[in-house]
Amino acid sequence: MSPSSAHDVCVIGGGVTGAGIARDLCLRGLSVLLLEKGDWGGGTSGASSWMIHGGPRYLEFDWDTTRTSTKDAGYIVSIARNLVYRVVFLIPVLPHDRNNIERMETAMEVYDRFQPLKKAHPHRRLSRAEALQAEPGLTPDLIGAVTMEEWGVDPHRLVYANVQDAVAHGARALNHTRVVDLVRDGGKVIGVRYRGPDGVISEARARVVVNATGPWSPEVSGMAGVPVQLRPAKGIHIIYPHRISNFSISAESIDGRDLLMVSHSGFTLLGTTDDDFYGDLDSIDVLQDEVDYLLQGIERVFPTIRRYRPVRTTTGVRPTLYKWRRYEDELSRRYEVIDHAGEGVEGFVTIAGGKLSMYRLMAEQTSDAVCRKLGHQAPCTTATRPLPGNESDVEPPADLARRCGVPALAAVKLQTRHGSNAGKVLEEGGTGRLLCRCEPITEAELTFATRHEQVRSLADAFRRVGLAGGPCAGAACVMRAGEVIGHELGWSASQRFEAVREFVQGSWLGRAPVLGHAGWVQEEMAQGAMRGLKA
Ligand SMILES: Cc1cc2nc3c(=O)[nH]c(=O)nc-3n(C[C@H](O)[C@H](O)[C@H](O)COP(=O)(O)OP(=O)(O)OC[C@H]3O[C@@H](n4cnc5c(N)ncnc54)[C@H](O)[C@@H]3O)c2cc1C
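A. Quick peek at the overall build of the chain. Scanning the chain for helices and strands turns up 16 helices and 20 strands. By the compact-globule yardstick of 24 Å for 535 residues, the chain fits well, its C-alpha radius of gyration being 23 Å. For the chain, the C-alpha atoms occupy an extent of roughly 70 × 55 × 45 Å along the three principal directions. Within the chain, counting contacts between residues at least 6 apart in sequence, those at least 24 apart form 71% of the total. With the model as given, the accessible surface of the chain reaches about 22,200 Å², and the carbon-plus-sulfur share is 52%. The centroid of the 62 positive side-chain charges in the chain is displaced by 2 Å from the centroid of its 64 negative side-chain charges.

B. Representation of the site of the ligand in the model. What surrounds the ligand is a group of 38 residues, the closest being Thr-17, Glu-36, Ser-45, Met-51 and Ser-357. Within the backbone of Ser-49, one N or O atom sits 2.9 Å away from a nitrogen atom of the ligand. At a separation of 2.8 Å, a nitrogen atom of the ligand approaches a polar backbone atom of Met-51. Expressed as a share of its isolated accessible area of 1,000 Å², the protein-covered part of the ligand is 96%. Sorting the residues of the shell around the ligand by element identifies helix H1 (16-27), strand S8 (178-185), strand S11 (233-240) and strand S16 (312-318) as the ones contributing at least two each. Considering every element that reaches the shell around the ligand, the biggest residue donor is S16, with three residues. Within the shell around the ligand, the residues separate by chemical class into 14 nonpolar, 19 polar and five charged. Mapping the shell around the ligand onto the domain boundaries places at least three of its residues in each of domain 1 (5-44 + 156-228 + 333-374) and domain 2 (84-149 + 232-324).

C. Focus on the packing of aromatic side chains. Applying the stated criterion across every chain yields a total of three aromatic pairs. A centroid spacing of 5.0 Å and a plane angle of 75 degrees characterise the contact between Trp-50 and Phe-267, whose relative ring orientation is edge-to-face. Here Trp-50, found in the loop between strand S2 (32-35) and strand S3 (51-52), pairs with Phe-267, found in the loop between strand S13 (258-263) and strand S14 (268-271); they are 217 residues apart in sequence, far enough to count as distant. When its relative accessible area of 14% is taken as the criterion, Trp-50 is described as buried. Judged by relative accessible area, Phe-267 falls into the buried class, the value being 12%. Here the aromatic rings of Trp-63 and Phe-114 are separated by 5.5 Å at their centres, their planes lie at 70 degrees, and the arrangement is edge-to-face. With Trp-63 in helix H2 (residues 63-79) and Phe-114 in the loop between helix H3 (101-112) and strand S5 (125-127), this pair connects stretches of sequence that are 51 residues apart. Looking at Phe-114, the relative accessible area reads 6%, which means it is buried.

D. Quick peek at the side chain of His-340. Considering the arrangement of structural elements, one finds His-340 in the loop between strand S17 (335-339) and strand S18 (348-353). Exposure remark for His-340: the relative accessible area of 0% places this residue in the buried category. Within polar-contact distance, the side chain of His-340 engages the side chain of Thr-350 at 2.7 Å.

E. Representation of the pairing of strand S9 (residues 188-195) in the model. As judged from the seven bridges shared by S8 and S9, these two strands associate in the antiparallel manner. Pairing of Asp-185 across the sheet is with Lys-188, part of S9. Counting the residues that bridge the hairpin from S8 to S9 gives two residues, and of these Gly-186 lies at a positive phi of roughly 60 degrees. Judged from the five bridges that link them, S9 and strand S10 (residues 201-211) form a sheet pairing that is antiparallel. Counterpart to Tyr-194 in the pairing with S10 is Ser-202.

F. Structural view of the side chain of Lys-234. If you trace the backbone, Lys-234 turns up in strand S11. There is a polar contact of 3.0 Å between the side chain of Lys-234 and the side chain of Glu-290.

G. Up close: the domain arrangement of the chain. Examined at the domain level, the chain breaks down into domain 1 (5-44 + 156-228 + 333-374), domain 2 (84-149 + 232-324) and domain 3 (397-534). Inter-centroid distance (C-alpha atoms) of domain 2 to domain 3 is 29 Å. Taken together, the 11 residues of domain 2 in the interface contact 13 residues of domain 3. Roughly 920 Å² is buried in total at the junction of domain 2 and domain 3, and carbon and sulfur atoms are behind 53% of that figure. Those elements that provide at least two residues to the side of domain 2 that touches domain 3 are helix H7 (288-301) and S16. Grouping the amino acids of the side of domain 2 that touches domain 3 by side-chain chemistry returns six nonpolar, three polar and two charged.

Basis of the calculations
Residues numbered from 1 in each chain as written. Predicted model: local features only at pLDDT ≥ 70, side-chain atom pairs only at ≥ 80, totals over all residues. Heavy atoms only, no water. Helix = DSSP H or I, 4+ residues; strand = E, 2+ residues; numbered from the N terminus. Rg over C-alpha atoms; globule rule 2.2 N^0.38 Å. Contact = heavy atoms within 4.5 Å. Areas by Shrake-Rupley, 256 points an atom, 1.4 Å probe, with all protein chains shown as cover. Lys, Arg positive; Asp, Glu negative; His and termini not counted. Charge placed at Lys NZ, Arg CZ, Asp CG, Glu CD. Near = heavy atom within 4 Å. Polar contact = N/O pair within 3.5 Å; in protein donor to acceptor, adjacent residues only side chain to side chain. Nonpolar A, V, L, I, M, F, W, Y, C, P; charged D, E, K, R; others polar. Domains from an automatic or database assignment. Phe/Tyr/Trp six-rings, centres within 6.5 Å; stacked < 30°, edge-to-face > 60°. Buried < 20%, exposed > 50% of the residue type's maximum accessible area, 1.4 Å probe, protein only. Pairing = 2+ DSSP bridges. Buried area = accessible area lost by both parts, 1.4 Å probe.

And the structure:
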């Protein structure tokens, strides 16, 4: 075991909540160690619907969550301007829907009261003809529609921007590092024992340990001998590598739940399910039934959906607070900051529940609790302090493209990830040669991400720069990406090949549930080609 280090606080979990807490505490002047067993945002945060939203759905049973998350969403969109974009929904109303057009409009009128909090526009009511003009792919059976505005976000970059700022303010942040146990002194938690990517076990002392492990929080709290009870709920998405519509579209599923077809910046996400989950959090399968359930619901309002070819699925488990009896969908998205001193365990705090759309507030309140325990007085500044890349305005993308010799679309994409730091990424990363044409990513960005953003695998590169996120799903770029990362990390030829093979196998698991007949044939060929290649 390597010798121990000492910090004010150790935060376990590098999802949006843990990253937000680490940033908040560092900005308040505390020394922080942040540990993530996989990659930043690789848990529930990355598997979300990629939306910063207020949740009009919760208005029916949890008004406070809508108000809280809308208000916090307002702060998030102003500190992370480069990462967010407007997502406009068309909510078509069909005969026999749960809500008729009047009820739907009334709900939107109520939601409009919250919309200014997150800088979104009020709804509009559309006649049948107006709705079909806006999106001709909608079913002609519709009676009318209402619009609703939310924000889209890249959750992987949002998490990483928080990690990056925490590090800039003194944090030590380690990914691929799993906490295997807590260090205890009688009834007090005094640190953590963790296993790094090299397999070496180390110890770190901390005055407070924060458990921010989302759905894994019962497992980690178990290390301290205290229970945290959740009602974990699994959700899946189907991903299409392009925009099917310029609008996002909502639909009712066969059991009356709300489904969404969300038009993100360069792809469409169709989701989501919400089912009690009892399985292994580290190995979650997407079932064919779940895929069919989503397609069936969307098909009712968007009849041609089955003609489009998905590239993959995603899945994650919501860290919902425990409640007996209610349907999964009706569970509150409230959160709770638990100081386990109340159960006789000092120095240990858990944050459980909540949503990505209010991660900043969850981080603020957890950090407040930690500061109280440490007797540390410093105000929270994260509501107004910009995340990295937002401190100044971005240069016009055409200028950046000309200056650095990259296509304009590549410059735009780079700016969405790095904001005003995009130029620095290109200059420092070297060549502006494109790594992948379908999702224009430059080799410079991947080089930069490997040098400075803790990319250690091709899957990390997917989260940091969007590698293999486009229509080719990696077919055209993973080999070259393996070379670029391998060059930076000093991998041998066989290590590079192994990294590519591992990525192709891993991404196959997410693709299998949406491969039609042609997709399986193509997949067999791709896998065969891989087997035929030698390092
Ligand atoms: C299908 C789906 C769609 C959703 N859509 C939205 C949405 O659009 N908008 C929204 O606001 N919310 C959405 N949510 C909810 C939102 O994603 C979550 O509430 C939020 O991302 C939880 O973040 P977290 O940091 O608490 O958990 P996570 O992101 O899961 O982070 C916890 C981290 O802890 C790490 N960890 C676990 N154990 C250990 C250990 N022993 N050592 C070190 N690290 C460990 C994990 O690897 C993980 O990365 C959605 C959820 C799901 C499932």
